[in-house]
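# A look at the structure
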Amino acid sequence: LRVIGRDAVVARERDLEPAAERSAVDGGDDRLVRLLEAIKLALHLLREALGLARDQGAGRAIYRALKEKRDLSLRGYLAVSLGMIPYEPAAGYLFKVLDNSHQLPLLQQQTAVGLGLMGSRQVANRLVRSLNDDASAYVQASAAQALGFIGDRDSIAPLVAILGNARAKALT
């Protein structure tokens, strides 16, 4: 899986798209379009499997794919895969995605989950800052969920503090 997977991860989906477009424009066989879509889906699933296998060698290719892709659902899956590996060189970029996707709550959630799965202290500290300081409720909720994934004492304490503040506000 790992050797075959790394090669497949670097396969470029955009190499498949011209054939699909030609087939659709030429009134060609709809089976070709469906086959190319199935191949693209298989590549997505393979990237996720490599994350589950914690294949550090695939991290760079998955990170590159995340930066190149426009498909939002794919980008979310890639972010989770990077967290499962964990591929920490991608953490900075994942925070940019988290900060710049205010209108895309599912992408924010999946990106935060990927960050939480990395579990590093640096990531946890940044998530705590997002939890406390970000103006977006989506970012705050995503950061809270990611801190829950990390699950250590330092990550849970800010969640307990927020819960205590919410209870105090409800009583007044």
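Summarised in this report is the structure supplied together with it. Note that the structure is a prediction, hence the values are computed from the model and not measured.

## Overview of the overall build of the protein
Along its length, the protein carries 10 helices and 0 strands. Across the protein, helices and strands are ordered from the amino to the carboxyl terminus as α-α-α-α-α-α-α-α-α-α. Of all 172 residues assigned to the protein, the portion counted as buried reaches 42%. Long-range contacts, defined as pairs at least 24 residues apart, comprise 65% of the intrachain contacts of the protein with a sequence gap of at least 6.

## A short note on the packing of aromatic side chains
Under the counting rule described, the total for this entry stands at 2 aromatic pairs. Relative to Tyr 87, the ring of Tyr 63 lies with its centre 6.1 Å away and its plane at 50°, an arrangement referred to as tilted. Separated by 24 residues along the polypeptide, Tyr 63 in helix α4 (residues 56–68) and Tyr 87 in the loop between α5 (72–84) and α6 (91–99) bring together distant segments of the chain. Looking at Tyr 63, the relative accessible area reads 16%, which means it is buried. For Tyr 87, a relative accessible area of 13% translates into the label buried. Considering the side-chain rings of Tyr 63 and Tyr 93, the 5.9 Å spacing of their centres and the 70° angle between planes classify their relative orientation as edge-to-face. Of this pair, Tyr 63 sits in helix α4 while Tyr 93 sits in helix α6; the two residues are 30 residues apart in sequence, bridging distant segments of the chain. These aromatic residues form a ring-pair network of at least three members: Tyr 63, Tyr 87 and Tyr 93. Lying across the ring of Tyr 93, Lys 67 places its NZ or CZ 5.8 Å from the centre.

## Concerning helix α9 (residues 137–150)
Between its terminal C-alpha atoms α9 stretches 20 Å, which fits the 20 Å expected from 14 residues at 1.5 Å a residue. Here α9 has its buried residues at Val 139, Ser 142, Ala 143, Ala 146, Leu 147 and Ile 150. Seen end-on, α9 carries its buried residues on one side only, within an arc spanning 140°. The opening residue of α9, the one whose side-chain oxygen lies 3.2 Å from the backbone nitrogen of Tyr 138, is Ser 136. Just beyond α9, the residue with positive phi is Gly 151, at close to 75°.

## Description of the pattern of salt bridges
What the rule picks out here adds up to 3 salt bridges. Close ionic contact of Arg 126 with Asp 99 constitutes a salt bridge, the shortest N to O distance being 2.4 Å. A residue pair is termed long-range when its members are at least 10 positions apart, and Arg 126 in helix α8 (residues 121–133) and Asp 99 in helix α6 qualify at 27 residues. Residue Asp 99 is classed as partly exposed on the basis of its relative accessible area of 24%. Here Arg 121 ties to Asp 152 by a salt bridge, and the two come within 2.9 Å at their closest N and O atoms.

## Re the nonpolar core
Judged by nonpolar contacts, the single largest core of 32 residues is most densely connected at Leu 82, Leu 98, Leu 115, Met 118, Val 123, Leu 127 and Leu 147. Of all the secondary-structure elements, those providing two or more residues to this core are α4, α5, α6, α7 (105–118), α8 and α9. It is α6 that provides the largest number of residues to this core, a total of 6 residues. When residues no more than four places from it in sequence are discounted, the contact partners of Leu 115 are Ala 91, Leu 94, Phe 95, Leu 98, Val 123 and Leu 127.

How each quantity is defined
- Residues numbered from 1 in each chain as written.
- Predicted model: local features only at pLDDT ≥ 70, side-chain atom pairs only at ≥ 80, totals over all residues.
- Heavy atoms only, no water.
- Helix = DSSP H or I, 4+ residues; strand = E, 2+ residues; numbered from the N terminus.
- Buried < 20%, exposed > 50% of the residue type's maximum accessible area, 1.4 Å probe, protein only.
- Contact = heavy atoms within 4.5 Å.
- Phe/Tyr/Trp six-rings, centres within 6.5 Å; stacked < 30°, edge-to-face > 60°.
- Lys NZ or Arg CZ within 6 Å of the ring centre and 35° of its normal.
- Expected span 1.5 Å × (residues − 1).
- Arc of directions from axis to C-beta.
- Polar contact = N/O pair within 3.5 Å; in protein donor to acceptor, adjacent residues only side chain to side chain.
- Salt bridge = Lys/Arg side-chain N within 4 Å of Asp/Glu carboxyl O.
- Core = buried A, V, L, I, M, F, W, Y, C linked by side-chain atoms within 4.5 Å.

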